[in-house]
Amino acid sequence: MRFTRSVLAASALAALTVGTTTALASPASAAPNTTPQKVCGSAYKTVNSAAVGSLGTVYLTYNAANGKNCVTTIRNNPGTAVDMSAWVYVPDTETGDSDEGRYTSYAGPTYVYGKGHCVDWGGSINNVYVAVYGSNCGAKKEHRVTFTR
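This structure is a prediction, so every number in the text was calculated from the model and none was measured.

Q: How do you make sense of the pattern of salt bridges when you look at a structure like this?
A: It is possible for side chains bearing opposite charge to pair when their charged atoms get close. In total, this model carries two salt bridges according to the counting rule given. In this structure, the salt-bridge partner of Arg-102 is Asp-83, at a minimum N-O distance of 3.3 Å. Residue Arg-102 is located in strand S5 (residues 95-103), and its partner Asp-83 is located in strand S4 (residues 82-90); the two are separated by 19 residues in the primary sequence. With a relative accessible area of 46%, Arg-102 lands in the partly exposed category. Classification of Asp-83 by relative accessible area gives partly exposed; the value is 36%. With a closest N to O distance of 2.6 Å, Glu-142 and Arg-144 form a salt bridge. For Arg-144, a relative accessible area of 39% puts it in the partly exposed group.

Quick look at the structure:
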């Protein structure tokens, strides 16, 4: 039951993330050599990543000093603004953060306190979406989903 609830909650958050566009979002932009650490902060170390087709990568990072995770989606080839998103969610605490809009280089950063918890996270570029459920929590096997709309 708990797994079903967390999957439903994460799915709902993902649907909200990819199904809405923020009208007042300021466009994120960066040079082609943008890194997760430049977006999230130098104290955040990359702990996981997922390809968004051939368009870019979603990165999950962690800061051991404050127990927070950060997620950012970074394009391989920055250019004209396109629909992008980044999101992170902790099912145990039902807390999350998301960023979506039209960006030239990256979406995010999105932050959540995740020390000692499994995290769900993902992002999108154009119409390619990636979601990772039950991630970075020891022996439990994560579940990855990639789809195109």
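Q: How do you make sense of the sheet that holds strand S6 (residues 106-113) when you look at a structure like this?
A: Strand pairing in a sheet relies on backbone hydrogen bonds. The paired strands run either parallel or antiparallel. As summarised here, the arrangement of the four strands in space is S1-S2-S3-S6, forming an open sheet in which the pairing is antiparallel. Two strands lie at the open edges of the sheet, namely strand S1 (45-52) and S6, each paired on one side alone. Direction aside, the axes of adjacent strands within the sheet are offset by 15° on average. With eight bridges connecting them, strand S2 (residues 56-63) and strand S3 (residues 68-75) associate as antiparallel partners.

Conventions and cut-offs
Residues numbered from 1 in each chain as written. Predicted model: local features only at pLDDT ≥ 70, side-chain atom pairs only at ≥ 80, totals over all residues. Heavy atoms only, no water. Salt bridge = Lys/Arg side-chain N within 4 Å of Asp/Glu carboxyl O. Helix = DSSP H or I, 4+ residues; strand = E, 2+ residues; numbered from the N terminus. Buried < 20%, exposed > 50% of the residue type's maximum accessible area, 1.4 Å probe, protein only. Pairing = 2+ DSSP bridges. Axes fitted to C-alpha atoms, helices over the stretch in contact; angles between N-to-C directions.

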